[in-house]
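Analysis of the macromolecular model
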Amino acid sequence: MQDDQIDAMSKLLKSMSHPIRLKILCLLQDKELSVGEIRDQVKTTNANVSQHLNILRSQGIIDYRKDANFIYNKITDKRILELIKKMRVLFCPDF
């Protein structure tokens, strides 16, 4: 592997490594969700969810769409979906 590839992977994994961000990604793997729906699932504030979503957006992991007063988020990087599936197999065998 090249140093730039290792740096890119490290940056991507670092952005996913926070427990709230990882939970958000697990929630988004099957469907898009609004900020409020994510907030209810991770049990934190809108502001905190928004901060974590911004980090994931800045890495190109997720994207969003607006529908009236709602913002819906979804995973756009297919590698992340594959990585979450692999992590579930490795760490959550009973799932």
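Above: the structure in question.
Described in the following lines is the structure provided in the data block. (Residues numbered from 1 in each chain as written. Predicted model: local features only at pLDDT ≥ 70, side-chain atom pairs only at ≥ 80, totals over all residues. Heavy atoms only, no water.)

Moving on, we come to the sheet that holds strand β1 (residues 33-34). Sheet strands associate in pairs through backbone hydrogen bonding, adopting either a parallel or an antiparallel arrangement. The strand order β1-β3-β2 describes an open sheet built from 3 strands, whose pairing is antiparallel. The open sheet has two edge strands, β1 and β2 (62-67), and neither has a second partner. Where β1 meets strand β3 (residues 70-75), 2 bridges bridge the pair, whose relative direction is antiparallel. Opposite L33, over in β3, you have N73 as the bridge partner. (Pairing = 2+ DSSP bridges. Helix = DSSP H or I, 4+ residues; strand = E, 2+ residues; numbered from the N terminus.)

Another aspect to go through is the pairing of β3. With 6 bridges joining them, β2 and β3 adopt antiparallel strand pairing. Across the sheet, residue K66 finds its bridge partner in β3, namely I71. The turn linking β2 back onto β3 is made up of 2 residues, and A68 within it adopts a positive phi angle of 55°.

What follows is about the layout of surface pockets. Empty space left among the atoms is revealed by rolling a probe the size of a water molecule over them. Roughly 160 Å³ of volume is contained in the largest pocket. Lining the largest pocket are Q5, A8, M9, L12, L13, Q59, R79 and L83. Those elements giving two or more residues to the lining of the largest pocket turn out to be α1 (3-16) and α5 (78-91). A per-element tally of the lining of the largest pocket places α1 first, with 5 residues. (1 Å grid on protein atoms, 1.4 Å probe; cavity = no way out; pocket = protein on both sides within 12 Å on 5 of 7 lines; lining within 4 Å. Points joined across faces, edges and corners; volume = space filled by probe spheres on them.)

The end-to-end C-alpha separation of α5 is 20 Å, in line with the 20 Å expected for 14 residues at 1.5 Å each. Where α5 is concerned, the buried positions are I80, L81 and I84. Along the axis of α5, the buried positions cluster into a sector of 105°, meaning they face one direction only. In α5, those exposed residues whose orientation departs by more than 90 degrees from the buried face are K78, R79, K86, V89 and L90. In this structure, the buried side of α5 is in contact with α1, α2 (19-28) and β3. (Expected span 1.5 Å × (residues − 1). Buried < 20%, exposed > 50% of the residue type's maximum accessible area, 1.4 Å probe, protein only. Arc of directions from axis to C-beta. Contact = heavy atoms within 4.5 Å.)

This part covers helix α4 (residues 46-58). Here α4 spans 18 Å end to end across 13 residues, near enough to the 18 Å set by a 1.5 Å rise per residue. Along α4, the positions that sit buried rather than exposed are N48, V49, H52, L53 and L56. The buried residues of α4 all sit within an arc of 130° when viewed along its axis, so they share a single face. Of the residues in α4, the exposed ones pointing more than 90 degrees away from the buried face are A47, Q51 and S58. Backbone geometry just downstream of α4 places G60 in the positive-phi region, at approximately 75°.

These figures come from the coordinates and say nothing about function on their own.
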